[in-house]
Each structure stands twice: as C-alpha cells, then as structure tokens.
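Chain residues, written in single-letter form:
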Amino acid sequence: MSKKINIAIDGHSSCGKSTIAKSISQKFQMRYIDTGAMYRAITLFCLQNNLISEGIVNTKGLKKHLDSINLGFEYNSENKVSETFLNGENIENKIRGLQVSENVSFVAKIPFVRKKLVLLQQEIGKEKNVVMDGRDIGTKVFPDAEIKFFVTADVQIRAKRRFEEMNSKDVSFDQILNNLKMRDENDTRRDTNPLKMAEDAILIDNSDKSLEQQNNFVFSKIEKVLKNGN
Ligand code: DC
C-alpha cells in the first residue's frame, strides 16, 4: 500500500467492529489495534489485585500501579490473531470472559485510565498504517484519521450473535443482552470520551448485512480514499 493512512472504527459493543478491523488489516496489510482489549486488560489487573468490587474501583490503588502495568500485543501467526499481553502474560482468553465484560465499563470511565490509554494509542498511530477499533477513536484518539467508520446493529441481534459465538452453558442469552444494554448505556453516558459518532464518520448498520456485503462496502470506501484521497 503506497499511501499511509489510519482508520478509526467506533461503535456499540458486539456489533462486529473487530471483524471489520481484522478484514481491513488482512486486505490492506495494516496493523490492527483492539483498544477494548486494553481497557479489558486493565480491568483484569484490577480483578486480580482486588482493586474492584461491586463496580467500585479503588482508584487510589489503581493509580499507584498504572504506570508499571505493561500492555502489549503480539501477532500469533498460527491463529492469525493479535493477542494481548499483560506484564508478559498472554491474557487473550481471560479478558473475553463475562467477569471482565461485567466490570470493564467501570474501569473505562476513569479519566486517568483513559488518558494513559489514549496517549498509548496515539503513540502507536504515529507511524500510520493502523486500523484501530474502540469507542473514541474517531473523536478523540485519531480525530484526523483518513477514514472513520461508526458501526452499529440492533441490540437483540448483537446479543444473539454473541450468544451463539460464546456457545457456553454458563452464560444465558438474557445475561448477554443485559450486559450489552448496560455497556451501551455506560459507554454513551460517561463524562470522559463517551461513545459518539464523529461528524465525518461513515455509518454502518449491519443488522441485516452479510459479512460479504459489509466487507464490499468497507473495502470500496477505503479503496476510494487510497486512490483519490477522500
Ligand atoms: O470493544 P470491547 O467490547 O472489547 O470494549 C470493552 C469495553 O471497553 C467497552 O465496554 C467500552 C470500553 N472501551 C472504551 O471505553 N473505549 C475504547 N476505545 C474501547 C473500549
């Protein structure tokens, strides 16, 4: 790819942002960064160190540790996934469970956590050629991103997809639905960097779209920018 660009993908929880980002990453050889994984990693750290209980974070304790937390991504060529590491440990599976999902919004709303992670994300994006997904990428992390997508889908459809994907006897459809509703609410209502569609973002509602339709749409938008610059 000759022209170097950054692509921001924001949207609601479990609407397939990472699927889009991974497809873009493969097709256009761009680096994929999952910023949700970063908030999840900090949440796991809080859970492992008794810094969160019933939605209340011990912010003093977390602040003390935050600068020594080492977050990283490593590409696993076997399963073609960029995996998340916390202080050297591969935590990719641990951060996807319901316990982290149930607690992550409480950590993600803390201003000093967001400040640290946004700076880290901006640093990663400096060299360009990055596709990043999250909630505030187009509005806060890369307000000048060459392309921004805002992805959404009906919450019932998102919960059904997630339920089928998890395929777990321990988690019910209603638990997943309630968790998604709670996260939508927390993500859009928090004071610091709430989830909001950037004015210049391209909206994708994939409630009734196949993956192929979605990819065709997304790829054509990117190819147009790479060719014409807009
Ligand atoms: O994308 P995800 O579901 O893995 O994100 C986990 C949580 O992290 C989600 O509830 C919102 C939060 N998040 C955020 O606040 N800002 C981001 N840039 C990415 C995720």
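Each remark here, short or long, concerns the structure printed above.
Not measured: the values here are computed from a predicted model. (Residues numbered from 1 in each chain as written. Predicted model: local features only at pLDDT ≥ 70, side-chain atom pairs only at ≥ 80, totals over all residues. Heavy atoms only, no water.)

## Let's talk about the layout of surface pockets
(1) Moving on: Each pocket or cavity is described by its volume, and for the largest pocket that value is around 1100 Å³.
(2) Moving on: Residue lining of the largest pocket: 46 residues in total, with S14, S18, D34, R96 and E165 positioned closest to the centre.
(3) Moving on: For the lining of the largest pocket, the leading source of residues is helix 2 (residues 35-48), giving five residues.
(4) Moving on: For the lining of the largest pocket, the per-class residue count stands at ten nonpolar, 17 polar and 19 charged.
(5) Moving on: The computed volume of the second largest pocket comes to approximately 260 Å³.
(6) Moving on: Going through the elements one at a time, helix 1 (17-28), strand 2 (31-34), strand 5 (71-76) and strand 6 (81-86) are the ones with two or more residues in the lining of the second largest pocket.
(7) Moving on: Its residues assigned to classes, the lining of the second largest pocket comprises six nonpolar, four polar and four charged. (1 Å grid on protein atoms, 1.4 Å probe; cavity = no way out; pocket = protein on both sides within 12 Å on 5 of 7 lines; lining within 4 Å. Points joined across faces, edges and corners; volume = space filled by probe spheres on them. Helix = DSSP H or I, 4+ residues; strand = E, 2+ residues; numbered from the N terminus. Nonpolar A, V, L, I, M, F, W, Y, C, P; charged D, E, K, R; others polar.)

## Here we look at the pattern of salt bridges
(1) Moving on: In total, this model carries 15 salt bridges according to the counting rule given.
(2) Moving on: Put simply, D184 and R158 hold a salt bridge, and the shortest N to O gap is 2.8 Å. Taken as a pair, D184 in helix 8 (residues 173-189) and R158 in helix 7 (residues 155-166) lie far apart in primary sequence, 26 residues in all.
(3) Moving on: According to the relative accessible area criterion, R158 is buried, its value standing at 3%.
(4) Moving on: Among the ionic pairs, R162 bridges to E165, the shortest N-O distance being 2.6 Å. On the criterion of helical spacing, the pair formed by R162 and E165 is a turn pair, its members being three residues apart in helix 7.
(5) Moving on: Salt bridges sharing partners connect three or more residues here, namely D34, E92 and R96. (Salt bridge = Lys/Arg side-chain N within 4 Å of Asp/Glu carboxyl O. Buried < 20%, exposed > 50% of the residue type's maximum accessible area, 1.4 Å probe, protein only.)

## Focus: the site of the ligand
(1) Moving on: By nearness alone, 13 residues border the ligand, and R40, R114, D136, R183 and R190 come closest of all.
(2) Moving on: Between R183 and the ligand, the recorded distance is 2.8 Å, taken from a side-chain N or O atom to an oxygen atom.
(3) Moving on: Between an oxygen atom of the ligand and a side-chain N or O atom of R190, the distance comes to 2.9 Å.
(4) Moving on: For the ligand, whose free accessible area comes to 450 Å², the fraction covered by protein is 95%. (Near = heavy atom within 4 Å. Polar contact = N/O pair within 3.5 Å; in protein donor to acceptor, adjacent residues only side chain to side chain. Areas by Shrake-Rupley, 256 points an atom, 1.4 Å probe, with all protein chains shown as cover.)

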